[in-house]
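This is what each chain is made of:
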Amino acid sequence: MRIITGLARILIVLLSACLSRECAADGPRQRSILVLEEADFRSPFYSEIFDGIRAVAKQNGNIDTVIYGESLDLPRFPGPDYEESLVDHLKTKYARRPIDVVVSIGVASAKFLQKRKQDIWPAALVVYGLVPDLPEVRAVFLPNTTAVFSRVKPTHLLTAARAVVPNLTRVVLVGSAWSNPLVYGHWKQDFAAAMPGLEVTDLSGTVLREVRKQVANLPEGSAILTSAMYSDGEGTYYSPAAALTRIAESTNRPIIITSDTLLGKAGVGGFLLLPDIIGREAGAVAMRILDGEAPASIPPFNGNNVKPIFDWRELKRWNVDESNLPAGSEVRFRVPSFWEQYYWHTMIVTGVLLTQALMITILLRERRLRFLAEVEARQRMSELAHMNRRATAGEMSASIAHELSQPLAAILLNAETAGQMLQDSAPDLGEISDMLEHIRRDDQRASEVIGRLRTFLKRDPTERREIDLNATVDEVFRFLSVQALTHDVGLTTEPSSAGIRVKADRVQLQQVILNLVVNGMDAVAHLPADRRRVVGRTSLAEGNHAVVSIADSGDGILAEKVTEIFKPFFTTKAQGMGIGLSIARTIVEAHGGRIWAENAPSGGAVFHVSLPLVASG
Ligand code: ADP
């Protein structure tokens, strides 16, 4: 039972859908508009009007509206014969196509309808567009019609001309509309009222050839006011844009135009008719009539379809100050300045450059700060090193005194002996001369000891030279020999058989070796005298390196401390400062070398210093 009811329901729905479709087919016929244009609607101006009407009809498109278009093309085909044949043609054409609303565009088509509508579209209602609000124009309107006015007043053209030519004294009128009172009305009176002394040259009926000649050499304070021109007056027909271009080619003065579609082709601009808006406004009224309003109930009104618009390039050409233009003017074809055109590119590039500059500044600053920090660190290190050397020198003062006392005692002895010998009646001058030679040599030895000490203690800036590594090591060992003797430590060197040359600061390198040897001597101090040994070796290693190794016979280093001992202030000694090895490491690394410690298999610690060799050749 349920299934049957369901099926019945579906059937009813399908039937009603079917019926409603049939209903639509039999329903009110398609609505129709005929756009009757006075000129060719393939021209840009009239085609924009047609498109405007079509756009409005589409927007209101609940009900299908068909739009027909007819061009009377009267400016190019004047004369009664053509008009007669046109009426016959249209009558035949629309005999079976009823037209609801005729949208009449232009004064010429209004006049055509006045005479011929009854013959061709008797039942159609009419809305007029592109007509000026002049009594003469209203007079041609049929009864029960309405209109949307559009008008570029003659004074509008004057205003535009004065904006472009501030010292305007003369205007030259070009184009056929000037002679048509249904378009520009009584412009002579209008001009006289607006600018009493204005000189007017009316070339509206003149052939194009003549017009070109006449506008070729116009005086300074003049401008050309145009209206549409279709014919050269000698049998050649143009589009208004082409005619205007020909005039523009030959004139020396600015041209004021009246249509949006001419801007950019020739002419500075002016109060321009906006065809798209004209079409939309007339189309909107046509739709109201189609929806049932009687045309007579819609009073004719002024459209908002004229606007002052100028071509930026032409303004530049004529040196026009934009502030002189009529209020509300629009300027087209503005060539953006480099800045406007590449605003974002420029901003991005500037941003990138600024960021880069900022980064570079920060990096340079960092580098400088680091450099300063390094200089400061080096300074501190040098001060510490100096302290360290003085401390070492202090410790060694006993042995230095000992080293000095030997030559000094010898000098004293020789001087005394020589003195006694001189008391003799016949002194042996040869012997005395030998003694004096000994005194001189002992003195030299004492000076050398002091000189070495002075060099060692001086606070010189780093001075790297190519030095002989074996000689440098040997010098340190000799320097410490007295101290070693005092503490009963056996100091020996085992120089490499080959000469080794490195580029280094001699004093700094000596300090490294000295610190290592002094540490070695400390490390063996507690051992019985016969087991106290420190050995210095030099050798060549792989990778163009020289190695100095200082080995001792002490207890070695705790395995876990082999790296820690190089840290500043690490010490295991009661009187230690813990800076000797840290200074040694800083100096070695500053020379591009490496220092490390290990325990020798036979016991004791070995410290190795590796330094890059001087590149041979
Ligand atoms: P300091 O000698 O004033 O302690 P160093 O920096 O010269 O400072 O040495 C740091 C520490 O390294 C020493 O206290 C010691 O513990 C250890 N050390 C240095 N040389 C040796 C060595 N030859 N044998 C064993 N330990 C050593």
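Residues numbered from 1 in each chain as written. Predicted model: local features only at pLDDT ≥ 70, side-chain atom pairs only at ≥ 80, totals over all residues. Heavy atoms only, no water.

The name an unreviewed UniProt entry gives the protein is histidine kinase, with Bradyrhizobium zhengyangense as the organism. Quoted straight from UniProt, the Catalytic activity (unreviewed entry) entry for the protein says "ATP + protein L-histidine = ADP + protein N-phospho-L-histidine." (UniProt positions renumbered as here; feature names shortened; annotations may be inferred.)

### As for the sheet that holds strand 4 (residues 125–131)
Pairing is parallel across the open sheet formed by 6 strands, whose spatial order is 2-1-3-4-5-11. One side of each edge strand has no neighbouring strand; the edge strands of this open sheet are strand 2 (65–71) and strand 11 (301–302). In the sheet, strand 1 (residues 31–37) pairs with strand 3 (residues 101–105) via 5 bridges, with the strands oriented parallel. Along strand 3, the bridge assignment pairs leucine 36 with serine 104. (Pairing = 2+ DSSP bridges. Helix = DSSP H or I, 4+ residues; strand = E, 2+ residues; numbered from the N terminus.)

### What to know about a nonpolar patch on the surface
A contiguous nonpolar surface patch, about 660 Å² in accessible area, is contributed by Trp339, Tyr343, Trp344, Met347, Ile348 and Val352. In terms of residue count, helix 14 (residues 343–395) provides more of the nonpolar patch than any other element does, 5 residues in total. Here valine 352 lies in helix 14. (Patch = residues over 30% accessible without salt bridge, like charges linked within 9 Å, V, L, I, M, F, W, Y side chains within 5 Å. Areas by Shrake-Rupley, 256 points an atom, 1.4 Å probe, with all protein chains shown as cover. Salt bridge = Lys/Arg side-chain N within 4 Å of Asp/Glu carboxyl O.)

### Overview of the nonpolar core
In terms of nonpolar packing, the biggest core is built from 57 residues, with Val103, Leu168, Phe191 and Leu225 touching the most fellow members. Dropping the residues within four chain positions of it, leucine 225 is found in contact with Leu157, Ala161, Val171, Val172, Leu173, Val174, Trp178, Phe191 and Ile256. Phe477, Ile550, Ile595 and Leu611 belong to the second-largest nonpolar core, a separate cluster that totals 48 residues. (Core = buried A, V, L, I, M, F, W, Y, C linked by side-chain atoms within 4.5 Å. Buried < 20%, exposed > 50% of the residue type's maximum accessible area, 1.4 Å probe, protein only. Contact = heavy atoms within 4.5 Å.)

### As for the confidence of the model for the protein
Put simply, the protein has an average pLDDT of 88, and 92% of its residues get 70 or more. This model gives residues 1–8 a pLDDT under 50, and the stretch forms 0 contacts once residues within four places in sequence are excluded. Note on residues 10–26: pLDDT under 50 across the span, and 0 contacts to partners over four residues away in sequence or across chains. (pLDDT = per-residue confidence, 0-100.)

### Some details on the sheet that holds strand 15 (residues 490–494)
Strand order in this open sheet of 5 strands is 15-17-18-20-19, and the pairing throughout is mixed. A single partner strand is all that each edge strand has here, and the edge strands are strand 15 and strand 19 (594–599). Within the sheet, the average angular offset between the axes of one strand and its neighbour, ignoring direction, is 15 degrees. Here 5 bridges tie strand 15 to strand 17 (residues 533–541), and the two strands are oriented parallel to one another. The partner of glycine 490 across the bridge, within strand 17, is arginine 533. Where helix 19 (residues 506–524) meets the sheet, its contacts fall on strand 15, strand 17, strand 18 (545–552), strand 19 and strand 20 (605–612), and the angle it forms with strand 18 comes to roughly 25 degrees. (Axes fitted to C-alpha atoms, helices over the stretch in contact; angles between N-to-C directions.)

### Regarding the UniProt feature "transmembrane region" (unreviewed entry) in the protein
Taken from the UniProt record, the annotation "transmembrane region" (unreviewed entry) applies to residues 342–364. Across residues 342–364, helical content stands at 96% and strand content at 0%; the span's end C-alpha atoms are separated by 32 Å.

### Thoughts on the packing of aromatic side chains
The relative placement of two aromatic rings is captured by the distance of their centres and the angle of their planes. Inspection of the entire model under this criterion finds 15 aromatic pairs. Taken together, the aromatic side chains of Trp178, Tyr184, Trp187 and Phe191 make up a single cluster linked through ring pairs. Between the NZ or CZ atom of arginine 313 and the centre of the ring of phenylalanine 333, over which it lies, the distance is 4.4 Å. (Phe/Tyr/Trp six-rings, centres within 6.5 Å; stacked < 30°, edge-to-face > 60°. Lys NZ or Arg CZ within 6 Å of the ring centre and 35° of its normal.)

### Comments concerning the pattern of salt bridges
For the structure on display, the rule yields 30 salt bridges. Between aspartate 119 and arginine 116 there is a salt bridge; the shortest N-O distance is 3.4 Å. In this pair, aspartate 119 and arginine 116 are both assigned in helix 4 (residues 107–120), 3 residues apart and thus about one turn of the helix distant. Residue aspartate 119 is classed as partly exposed on the basis of its relative accessible area of 36%. According to the relative accessible area criterion, arginine 116 is buried, its value standing at 15%. Arginine 441 serves as the salt-bridge partner of glutamate 437, at 3.9 Å between the closest nitrogen and oxygen. Here glutamate 437 and its partner arginine 441 are both found in helix 16 (residues 429–457), 4 residues apart, which amounts to about one turn of the helix. By relative accessible area, which is 31% here, glutamate 437 ends up partly exposed.

### Some remarks on the pairing of strand 1
Counting buried positions along strand 1 yields 7 of 7 residues, so the element is predominantly enclosed. Of the two faces of strand 1, the one lined by Arg31, Ile33, Val35 and Glu37 and the one lined by Ser32, Leu34 and Leu36 are each fully buried. When strand 1 meets strand 2, the two strands line up parallel, connected through 7 bridges. Paired with arginine 31 across the strands is threonine 65, a residue of strand 2.

### Section: the layout of surface pockets
Within this model, the second largest pocket holds a volume of roughly 930 Å³. In terms of lining, the second largest pocket is formed by 33 residues, of which the most central are Asn519, Asp522, Thr571, Thr572 and Lys573. Looking at the lining of the second largest pocket, the elements with two or more residues in it are helix 14, helix 19, helix 20 (580–590) and strand 20. By residue number, the principal contributor to the lining of the second largest pocket is helix 19, which donates 7 residues. Looking at the lining of the second largest pocket, its residues break down into 14 nonpolar, 13 polar and 6 charged. (1 Å grid on protein atoms, 1.4 Å probe; cavity = no way out; pocket = protein on both sides within 12 Å on 5 of 7 lines; lining within 4 Å. Points joined across faces, edges and corners; volume = space filled by probe spheres on them. Nonpolar A, V, L, I, M, F, W, Y, C, P; charged D, E, K, R; others polar.)

### Examining the site of the ligand
Close to the ligand lie 18 residues, the nearest being Asp552, Thr571, Thr572, Lys573 and Leu581. Glycine 578 has a polar backbone atom sitting 2.9 Å from an oxygen atom of the ligand. In this structure, an oxygen atom belonging to the ligand sits 2.8 Å away from a main-chain N or O atom of leucine 581. The fraction of the free accessible surface of the ligand (530 Å²) that becomes covered by protein chains is 90%. Elements represented by at least two residues in the shell around the ligand include exactly helix 19, helix 20 and strand 20. For the shell around the ligand, the class distribution of residues is 9 nonpolar, 7 polar and 2 charged. (Near = heavy atom within 4 Å. Polar contact = N/O pair within 3.5 Å; in protein donor to acceptor, adjacent residues only side chain to side chain.)

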